[in-house]
Each structure stands twice: as C-alpha cells, then as structure tokens.
Amino acid sequence: FTSIFPAAYSGRWPHIHFEVYADQDAATSAADPVKTSQLALPEDVCAKVYATSGYEQSAVNIKRTSLDNDNVFGDGYESQLATVVGSVSNGYTAKLAVPV
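Just so it is clear, the model here is predicted, and its values are computed rather than measured.

Novice: Explain the nonpolar core to me, please; I cannot follow it from the model alone.
Specialist: Among soluble globular proteins, nonpolar side chains are generally buried collectively. Judged by nonpolar contacts, the single largest core of 19 residues is most densely connected at Phe 5 and Tyr 50. Contributions of two or more residues to this core are made by strand E1 (15-20), strand E2 (35-40) and helix H2 (43-50). Per element, the largest residue contribution to this core is four residues, and it comes from H2. Residue contacts for Tyr 50: discarding those within four places in its chain leaves Phe 5, Pro 6, Ala 7, Ala 8, Pro 14, Tyr 55, Ser 58, Ala 59 and Ile 62.

Novice: Which parts of the structure should I look at to understand the packing of aromatic side chains?
Specialist: The relative placement of two aromatic rings is captured by the distance of their centres and the angle of their planes. Going through the model one piece at a time under the given rule, you end up with three aromatic pairs. Between Phe 5 and Tyr 50, the ring centres sit 5.8 Å apart and the planes meet at 80°, which makes this aromatic pair edge-to-face. Of this pair, Phe 5 sits in the segment before E1 while Tyr 50 sits in helix H2; the two residues are 45 residues apart in sequence, bridging distant segments of the chain. For the pair Phe 5 and Tyr 50, a shared accessibility class is recorded, and that class is buried. With a centroid separation of 5.4 Å and an interplanar angle of 40°, the aromatic rings of Tyr 50 and Tyr 55 are classed as tilted. The class for Tyr 50 is buried, based on a relative accessible area of 4%.

Novice: I tried to follow the side chain of Asn 61 on my own but got confused; where do I start?
Specialist: Turning to its location among the elements, Asn 61 is positioned in helix H3 (residues 56-62). Judged by its relative accessible area of 10%, Asn 61 falls in the buried class. In this structure, Asn 61 is in contact with Ala 8, Tyr 9 and Ser 10, ignoring residues within four places of it in sequence.

Novice: Explain the pattern of salt bridges here, please?
Specialist: One side chain can pair with another of opposite charge once the charged atoms of both are near each other. What the rule picks out here adds up to one salt bridge. Here Arg 12 ties to Asp 70 by a salt bridge, and the two come within 2.9 Å at their closest N and O atoms. Taken as a pair, Arg 12 in the segment before E1 and Asp 70 in the loop between H3 and strand E3 (83-87) lie far apart in primary sequence, 58 residues in all. Judged on exposure class, the residue Arg 12 and its partner Asp 70 are both buried.

Novice: I tried to follow unusual backbone geometry on my own but got confused; where do I start?
Specialist: Negative phi is the rule for most residues except glycine; trans is the rule for most peptide bonds. A positive phi is found at Ala 30, a non-glycine position, where the angle reads about 55°. By the secondary structure assignment, Ala 30 is in the loop between helix H1 (24-29) and E2. Residue Ala 30 is classed as exposed on the basis of its relative accessible area, which comes to 52%.

Rules behind the numbers
- Residues numbered from 1 in each chain as written.
- Predicted model: local features only at pLDDT ≥ 70, side-chain atom pairs only at ≥ 80, totals over all residues.
- Heavy atoms only, no water.
- Core = buried A, V, L, I, M, F, W, Y, C linked by side-chain atoms within 4.5 Å.
- Buried < 20%, exposed > 50% of the residue type's maximum accessible area, 1.4 Å probe, protein only.
- Helix = DSSP H or I, 4+ residues; strand = E, 2+ residues; numbered from the N terminus.
- Contact = heavy atoms within 4.5 Å.
- Phe/Tyr/Trp six-rings, centres within 6.5 Å; stacked < 30°, edge-to-face > 60°.
- Salt bridge = Lys/Arg side-chain N within 4 Å of Asp/Glu carboxyl O.

So, in structure tokens, the structure goes:
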C-alpha cells in the first residue's frame, strides 16, 4: 500500500498499523482479520524525514521516546522493526516479514 510517512506523537515511536485478511472479500468487509499488528520505522530514516518541512513537531516528539521506552514496542520491537530503503526525495519502501 502507499501512505505518507507517519508523524511521531507523544509516547509512541513512529509506526504503521496493519491487518492481514484471508482474502479480498474479508479485507473489503473488514471482517475477522487473521492478524493485526504494527511495524516500527528505523531511527535513521525517521531523522531524515523529520528534518523536512511539515514534520517539525515530529522532530521534537521523537527525541522524547525510543523503541525501548515506547508504551507498546517497549516489550520487544525486534520482530516489528521494518527494513526501509529509499530517500526523502524519491520515497521509501518498508518491508517486514509477518508470520501468519
């Protein structure tokens, strides 16, 4: 899917929520997801994005938290940390293997 880069807000590390469905019919009706989770974004990529116009508050907020003290990821983020490639000017692609 395509999205904008998420902001950093108070108490949370930058992340994207997602749900996995058995098939297209289930997904379009939003019924019974097989899995609901989130992916965390790497700190170096967040720093590059938050240095751009429009993300000024995110640049402040990210300095107040970490993956270790995030109120959700703090119990173990290793399996939810996405691999991200790309650039601010051309966009990023995030990848995460999610066992279902």
